[in-house]
Amino acid sequence: MKQYLEKLTEGKSLTECEMENAAQELFTKDLTDSEIASFLTGLKSKGETTEEVSGLVKAIRNHALPFTKKIPNVLDNCGTGGDGSKSFNVSTTSAFVIAGAGIMVAKHGNRSVSSKTGSADVLEELGVRLDISPDMTEEILAENGIAFLFAPHVHPKLKQIMKVRRDLKIPTIFNLIGPLTNPVQLDYQLLGIYRRDLLEKFAHVLAKLGRKRAIVINGAGGMDEASLAGDNEIVQVIEDEITRYTLHPDEMGFQVYDNCEIRGGDARDNAAILMEVLKGEKGAYRDTVLLNAGIGIFTAGKADSIHAGIALAAESIDSGSALLKLKNLISISNRLNKAVG
């Protein structure tokens, strides 16, 4: 670790291989909190490169609980958080809509970090079991087409690093890479990020990680989701070809809403909003989900345009398919957990 710390102190970047080796030491050696903090702050002050992000993500995935089955055509739609918007759980709600449209979704997430309610908080409130083994998760994914991976459960070796992050009280590389560390081998990814300046960097990371198709998005107002408030900046990866463009909600036929119109609350409030959307209630919450789910459906190649993806998202909700995916996830996760308990 000393050689990597010295290199970072000199303002030099690590290669992808060096970053993997450094991360290996983070997870397997008895490092002090000070050494870990120095490593994280050294990266932050220098500025993380695409190679460093890719190397760290690969190391984290290698040390996650093992997911051995290769299920084809799986998508994750997860944001980094950190946008300060206090919105409801947009990506979690959208995940069920995407799954209801016939796309496999391995939803990776955590409890609240920067908002009142994280994906794990709202799903737990709805009755989904979080303490599920990799084998169970793969069984749920195969049976239901959507499963949830609780980040602290599938990444047990990150515990000390998470403690150091909390003590530092400043954003580090770990505030950005959570969505990239899904231990399921993904073909598709919709990644929301709160920093517009990192869109292309993270698109290149997703290409290096082998995604067939991916979209990185920063919404109007700096949201880590697509927003109905104005221009959304998108960087698209399709078979390693990277394209950048802007998407405004009125191009997709949506009314413009301020971001304050989609604010959420605690886990109970957000669970109620999620259920209202999946049951078909109209308004800003539904339209935000339709836009985000439509982008996700397009990302997975199920639709040949975002507009067509939005139509499939509406059908997923209105047919009851999205709500059924949630009900099945609740019942199957509890059944499997009870069977081993």
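Before any of the text, the structure's been laid out above.
Presented here is a report on the structure given in the accompanying data block.

Parameters and conventions
- Residues numbered from 1 in each chain as written.
- Predicted model: local features only at pLDDT ≥ 70, side-chain atom pairs only at ≥ 80, totals over all residues.
- Heavy atoms only, no water.
- Helix = DSSP H or I, 4+ residues; strand = E, 2+ residues; numbered from the N terminus.
- Rg over C-alpha atoms; globule rule 2.2 N^0.38 Å.
- Buried < 20%, exposed > 50% of the residue type's maximum accessible area, 1.4 Å probe, protein only.
- Contact = heavy atoms within 4.5 Å.
- Areas by Shrake-Rupley, 256 points an atom, 1.4 Å probe, with all protein chains shown as cover.
- Lys, Arg positive; Asp, Glu negative; His and termini not counted.
- Charge placed at Lys NZ, Arg CZ, Asp CG, Glu CD.
- Phe/Tyr/Trp six-rings, centres within 6.5 Å; stacked < 30°, edge-to-face > 60°.
- Lys NZ or Arg CZ within 6 Å of the ring centre and 35° of its normal.
- Expected span 1.5 Å × (residues − 1).
- Pairing = 2+ DSSP bridges.
- Axes fitted to C-alpha atoms, helices over the stretch in contact; angles between N-to-C directions.

### Describing the overall build of the protein chain
Broken down by element type, the protein chain carries 15 helices and seven strands. The C-alpha atoms of the protein chain give a radius of gyration of 19 Å, which matches the 20 Å a tight globule of 341 residues would have. Overall size of the protein chain, expressed as C-alpha extent along the three principal axes, is 60 × 50 × 35 Å. The buried share of the protein chain, taken over its 341 residues, is 57%. Considering only intrachain contacts with a sequence separation of at least 6, the fraction spanning at least 24 residues in the protein chain is 73%. If you sum the accessible surface of the protein chain, you get close to 14000 Å²; carbon and sulfur atoms cover 48% of it. When the 39 basic and 45 acidic side-chain charges of the protein chain are each reduced to a single mean position, those positions are 4 Å apart.

### Re the packing of aromatic side chains
Where two aromatic rings form a pair, the distance of their centres and the angle of their planes describe that pair. In this structure the tally under the stated criterion is one aromatic pair. With 4.9 Å between their ring centres and 80 degrees between their planes, Phe-88 and Tyr-285 make a pair best called edge-to-face. Here Phe-88 is found in the loop between strand S1 (74-79) and helix H5 (90-100), whereas its partner Tyr-285 is found in helix H13 (residues 284-299), with 197 residues between them in sequence. Accessibility expressed as a relative area gives 2% for Phe-88, which makes it buried. Taking the ring centre of Phe-298 as reference, the NZ or CZ of Arg-213 above it sits at 5.1 Å.

### Here's the deal with helix H14 (residues 306-318)
Between its first and last C-alpha, H14 extends 18 Å over 13 residues, near the 18 Å set by a 1.5 Å rise per residue. In this structure, the buried side of H14 is in contact with H5, strand S6 (232-238), strand S7 (241-247), helix H12 (267-278), H13 and helix H15 (321-340). Of the residues flanking the end of H14, it is Gly-320, one or two places downstream, whose phi is positive at about 90 degrees.

### Side note on H13
Its 16 residues give H13 an end-to-end C-alpha distance of 22 Å, which sits within 8% of 22 Å, the value for a rise of 1.5 Å per residue. Gly-301 sits one or two positions beyond H13 and adopts a positive phi of about 80 degrees.

### A look at the sheet that holds strand S3 (residues 146-150)
Strand order in the open sheet formed by seven strands is S3-S2-S1-S4-S5-S6-S7, with mixed pairing between adjacent strands. Sheet topology places S3 and S7 at the edges, where each strand pairs with a single neighbour. Looking at each pair of strands side by side, their axes are set apart by 15 degrees on average, direction ignored. Examined bridge by bridge, strand S5 (residues 213-218) and S6 share six bridges and lie antiparallel to one another. The partner of Arg-213 across the bridge, within S6, is Ile-238.

Just distances and angles here, no functional claims.
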